[in-house]
Structure formats: structure tokens, C-alpha cells
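In case you want the letters, here they are:
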Amino acid sequence: MAILVTGGAGFIGSHLVERLRQDQHSVIVLDNFSAVYDQLLQQRHAAAWSLDAGIQIVQGSFGDQALLERLFAAEDIHHVIHLGGSPGVRESVANPARYFANNVDNTLTLLEMVRRTPVKRFLFASSSTVYGKGAVIPFVEDAPLGVPYSPYGASKRSAELLCQTYHLLHGVPAVVLRLFNVYGPRLRPELALSVFTRAICRGEKLPLYGDGSVRRDFAHVNDVVDGINAALIAENVAGEAINLGNHRPQPVRELIRLIESAAGKAAQIEHYPTRPEEMPETFADLTKAQRLLHYVPRVTLEEGVKDFVRWWQETHS
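Residues numbered from 1 in each chain as written. Predicted model: local features only at pLDDT ≥ 70, side-chain atom pairs only at ≥ 80, totals over all residues. Heavy atoms only, no water.

Draft legend 1. A look at the packing of aromatic side chains. Within the structure shown, the criterion is met by 7 aromatic pairs. Seen in terms of ring centroids, tyrosine 183 and phenylalanine 218 are 6.3 Å apart; in terms of plane orientation they differ by 90°. Their pairing is edge-to-face. Here tyrosine 183 is found in strand β7 (residues 181–183), whereas its partner phenylalanine 218 is found in strand β10 (residues 218–220), with 35 residues between them in sequence. Each residue in the set Tyr131, Phe139 and Phe180 is aromatic and connected to the rest through ring pairs, giving one cluster. The ring centre of tyrosine 209 lies 5.3 Å from the NZ or CZ of arginine 275, which sits over that ring. (Phe/Tyr/Trp six-rings, centres within 6.5 Å; stacked < 30°, edge-to-face > 60°. Helix = DSSP H or I, 4+ residues; strand = E, 2+ residues; numbered from the N terminus. Lys NZ or Arg CZ within 6 Å of the ring centre and 35° of its normal.)

Draft legend 2. Quick look at the pattern of salt bridges. Applying the stated criterion across every chain, the model contains 19 salt bridges. Across the pair arginine 19 and aspartate 226 runs a salt bridge, and its minimum N-O distance is 2.4 Å. Of this pair, arginine 19 sits in helix α1 (residues 11–22) while aspartate 226 sits in helix α8 (residues 221–233), and the two are 207 residues apart along the sequence. Close ionic contact of glutamate 254 with arginine 257 constitutes a salt bridge, the shortest N to O distance being 2.8 Å. Of the two residues, glutamate 254 and arginine 257 are both situated in helix α9 (residues 252–263); the distance of 3 residues between them amounts to about one turn of the helix. For arginine 257, a relative accessible area of 42% corresponds to the partly exposed category. The structure contains a network of salt bridges with shared partners spanning Glu69, Glu112, Arg115 and Arg116. (Salt bridge = Lys/Arg side-chain N within 4 Å of Asp/Glu carboxyl O. Buried < 20%, exposed > 50% of the residue type's maximum accessible area, 1.4 Å probe, protein only.)

Draft legend 3. Up close: the packing of helix α7 (residues 192–202) against α9. Here α7 crosses α9 at 45°, and the two axes come no closer than 10 Å. Between α7 and α9, the crossing angle belongs to the class labelled oblique. The handedness of the crossing between α7 and α9 comes out as right-handed. Here α7 contributes Leu193, Phe196, Thr197, Ile200 and Cys201 to the contact with α9, which in turn contributes Val252, Leu255, Ile256, Ile259, Glu260 and Ala263. (Axes fitted to C-alpha atoms, helices over the stretch in contact; angles between N-to-C directions. Parallel < 35°, antiparallel > 145°, perpendicular 65-115°, else oblique. Left-handed = near helix turned anticlockwise from the far one by under 90°. Contact = heavy atoms within 4.5 Å.)

Draft legend 4. Layout of α9. Taking 1.5 Å per residue, 12 residues should reach 16 Å; α9 reaches 17 Å between its end C-alpha atoms and fits that length. Those residues of α9 lying buried are Val252, Leu255, Ile256, Leu258, Ile259 and Ala263. All buried residues of α9 project into a common sector of 165° when viewed along the axis, lining one side. Just downstream of α9, glycine 264 is the residue with a positive phi angle, here 70°. (Expected span 1.5 Å × (residues − 1). Arc of directions from axis to C-beta.)

Draft legend 5. Up close: the pairing of strand β11 (residues 241–244). A two-sided burial pattern is seen for β11, the buried positions comprising Ala241 and Asn243 on one face and Ile242 and Leu244 on the other. Alignment of strand β6 (residues 174–179) against β11, held across 4 bridges, turns out to be parallel. Paired with valine 176 across the strands is alanine 241, a residue of β11. (Pairing = 2+ DSSP bridges.)

Draft legend 6. Expanded view of the packing of helix α3 (residues 65–74) against helix α5 (residues 96–116). Where α3 contacts α5, the two axes come as close as 10 Å, and the packing angle between them is 30°. The orientation of α3 relative to α5 falls into the category roughly parallel. Classified by chirality, the crossing of α5 by α3 is right-handed. Of the residues in α5, those touching α3 at Gln65, Leu68, Glu69 and Phe72 are Thr109, Leu110, Met113, Val114 and Arg116. Split into classes, the residues belonging to the contact of α3 with α5 amount to 5 nonpolar, 2 polar and 2 charged. (Nonpolar A, V, L, I, M, F, W, Y, C, P; charged D, E, K, R; others polar.)

Dropping the structure here:
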């Protein structure tokens, strides 16, 4: 039996695959090795995993129906963790069609596959961006969501609805996991922590949109992987949406201060206007996650930023 992880060579996926192997699971990594991620890091993961008989790497799209049919016919896949998709708020404004094709249409293809070839659990990695304008803070899963600020958020919400519909209509054991601002080693290069760390460590201008007062619920990747692992085996969670965050939102300027402290260098901030597609705040209510998954985040932002800056300096020097 094997666990299929789409997007398994990416940031969160690579950490999750390593954890699954620690727990002696056989893993199939399905990834298109997108240029959105650090391809050198992805290649390193693939090279290391090629020596592990418990990891099978398949390059391709989770929207490729023929590929999925061959894969499910050949392998005994009992769980699917769907991390793959087009990430990023800003890029979705420029290319909304690509985001809906990948995040919605291709997710539907994958759901059709697990409808015809049932699995024990289907985990879908959604996003805090589904909580849009009008959502009450802190964000509660079963409260009104508001209108997403970006096409990315709209695509994730659309895919969520497909997962929940397939659970209701076809009995697909789907669980929606709403991931907040996940960070840690191997983070995508265009995300704030990566951008800020690179600028501070190299003595370059740090681009800051707005005055730094927007708050983000930063969740360390180790904590999020704990939550995903718990959702694989938890009872009475099929059909549910569950937040995986930290419940301690911090202003972006505090993030910059922590990077400065960890790097021992001062930021040279260059201010830009606030971007309309960016959420003014993310804040996860974790009551449901604690009740259903016994999820308790353990890594503080200060510890996590120190860990990230140290990793960045070791890998980018």
C-alpha cells in the first residue's frame, strides 16, 4: 500500500514525504517539478529519494487522466495527499486562467480518479486565502467565508467545494486543510520570508508593500506536517474543513525585526503601496483542529525565523 503525494517535491511536500518515510509509509511523489519552486532543491530531493526504495518519483501532472489511470492501476494507493497546484496570490492576478485550470479543473480530474478507485482518505491542501473580505477574525472554518481577495483564493475555494461535493455525492473521504502562512527551510523564493531574508543577508533593498502593519498567521512547516499526518488517520473528519495555522498572528514588521536579529544585519527598506489582492490579516482559530486532530503548534516565530535564516545562509552562501 502507498500514499500518493501530489506536489511532493515542493516546499511542504518534501518535508511531508520525509516524515511519512520516517513512519515507514511507502510514498509515491507525483510532481511536475514546476519552475515556481527552487528547481535545484527539487532535484536534490529527487536525487536523495532515488536511493530510497520506499519512494517512487513520478514526473507529471495530477490533471493527466491517462497518467493517473496507469498509476492507480499499477499501485495500491490507499491515501492521497493533494498538495499540488499553482501557488501564489500575486501571480494569480496576472494569470487567473492558469490557476483555475490547475487548481480547479485538474483537482476535479484527481477527484474523479479517487471516485472510481476509492481510497481511505483524500487530503486537500487549501489556503487561508479562502477567507476573504467580510470574514470575521479569527477565521473559523464553519463561519461565513467572505469574498476572496485574489483569483488564487477563489480557485482554492472552488476546489474545496468540489472536494466537499464529492464527499457528499460519492462518499469520497475528503478532508480540506486550510493552511495559513507556512514557512521554514525550502520555502518558495518569492514568499515574504525568503525575499526579506535574501535582501537583508545580501545588503539589498527590501521591498515592503504598505507600512508593515498587516498581520500574518505564520505556521512552521514542522507543525503543519504534524497536522497533515494527524488528518490522515483521525476519525470523524471526512467532509470537514480544518485550519492549520499558529493562532498568533504577527505584523510583517515584526517578521523583519526577527530576520534582522537572526542575521545580525539591518534591513534597507524600500516602501511600495499596499497591494489590493493581499489580505489585511490572517488569523486561524484552531479550536476545531485541536478537537479533531489534537493539533497544537509548537514552534514559535522567533525560533522558526532563526532556523530559516540559518538554513538560508548555509544553502545560499
